[in-house]
Amino acid sequence: MMMKRRLLYVLFIFILGACSQQEVEEKSSKTYDITLEDVETVIAEQGFELENTELSSEDFFMQELNEMPPEVYILEGHTLSVYVFPSEGEREKGVQRFEEITAAAELVEHKVYEISNLLVFYVNNDEKVQNRLLEALKNLDVST
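For the structure given in this document, a descriptive report is provided here.

A few points about the overall build of the protein chain
Helix and strand content of the protein chain: 4 helices and 5 strands. Shown N-terminal to C-terminal, the secondary structure of the protein chain runs as helices and strands in the order α-α-β-β-β-α-β-β-α. Residue burial in the protein chain is summarised as follows: out of 144 residues, 30% are buried. Partitioning the intrachain contacts of the protein chain with sequence separation of at least 6 by distance along the chain shows that 56% fall at a separation of at least 24. Just so you have it, the protein chain exposes about 9800 Å², and 50% of that area is on carbon and sulfur atoms.

Printed below as a string of structure tokens:
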């Protein structure tokens, strides 16, 4: 009788472990592709106004990263660069490329936001605006 109970207990633990492992695998295999329209919407909902601007090949925050050009805006008088990569893995490669390009450079104050397939640079050191932008972008993070 005691042996049966132990066997059932071990089997129960094994099943629970297998179920939670499957749940983790399902979560990590899902992709949440954020679009540029999604970004524009949540930023507008936060009360910001985006102005389109031209790319400058000399600005580190406006360069292509792994053949992905950014959409560049003016937000509160400062540059906001939005890269929408095809996947989270591609975004990570883009970040790596940015770090390689800027390794020897002295960059101006900026904030980096990485969410799913999205990479955003905001060239400004105003914490209030940075926090509002972060709040807006958090609404895109559907994976949590």
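Some points on the nonpolar core
Grouped together as the largest cluster of nonpolar side chains are 20 residues, with contacts concentrated most on V39, I43, L80, V82, L118, L133 and L137. Those elements that place two or more of their residues in this core are helix 2 (36-45), strand 2 (71-75), strand 3 (78-84), strand 4 (111-115), strand 5 (118-122) and helix 4 (127-138). Sequence-distant contacts of L133, defined by excluding residues within four places in its chain, comprise I43, F48, L75, L80, Y113 and Y122.

Some thoughts on the sheet that holds strand 4
Taken together, 5 strands build an open sheet; the order of strands is 1-2-3-5-4 and the sheet is antiparallel. The two strands at the open ends of the sheet, each matched to only one other strand, are strand 1 (50-52) and strand 4. Each strand axis lies, on average, 25° off the axis of its neighbour in the sheet, ignoring direction. As defined by bridge partners, strand 3 adjoins strand 5 across 5 bridges and the pair is classed as antiparallel. Following the sheet pairing, Y83 is matched in strand 5 by L119. Relative to strand 4, helix 4 is tilted by about 10°, and along the sheet it contacts strand 2, strand 3, strand 4 and strand 5.

With respect to unusual backbone geometry
Look at N66: it is not a glycine, yet its phi comes out positive at around 55°. The backbone of S116 sits at a positive phi, close to 50°, despite the residue not being glycine. If you trace the backbone, S116 turns up in the loop between strand 4 and strand 5.

Some words on helix 3 (residues 88-101)
Because each turn of an α-helix spans 3.6 residues, side chains separated by three or four positions in sequence point in the same direction. If you check helix 3, its first and last C-alpha atoms are 20 Å apart, about what 14 residues at 1.5 Å a residue would give, namely 20 Å. Listed as buried for helix 3 are R91, G94, V95 and F98. Around the axis of helix 3, the buried residues are gathered within 100° of arc, so they sit on the same side.

A word on the pairing of strand 2
Alignment of strand 1 against strand 2, held across 3 bridges, turns out to be antiparallel. Note that in strand 2 the partner of N52 across the bridge is Y73. Bridging between strand 2 and strand 3 involves 5 bridges; their strand directions are antiparallel. Paired with E71 across the two strands is V82, which belongs to strand 3. Linking strand 2 back to strand 3 in an antiparallel pair, the connection comprises 2 residues, with E76 at a positive phi of about 55°.

Conventions and cut-offs
Residues numbered from 1 in each chain as written. Predicted model: local features only at pLDDT ≥ 70, side-chain atom pairs only at ≥ 80, totals over all residues. Heavy atoms only, no water. Helix = DSSP H or I, 4+ residues; strand = E, 2+ residues; numbered from the N terminus. Buried < 20%, exposed > 50% of the residue type's maximum accessible area, 1.4 Å probe, protein only. Contact = heavy atoms within 4.5 Å. Areas by Shrake-Rupley, 256 points an atom, 1.4 Å probe, with all protein chains shown as cover. Core = buried A, V, L, I, M, F, W, Y, C linked by side-chain atoms within 4.5 Å. Pairing = 2+ DSSP bridges. Axes fitted to C-alpha atoms, helices over the stretch in contact; angles between N-to-C directions. Expected span 1.5 Å × (residues − 1). Arc of directions from axis to C-beta.

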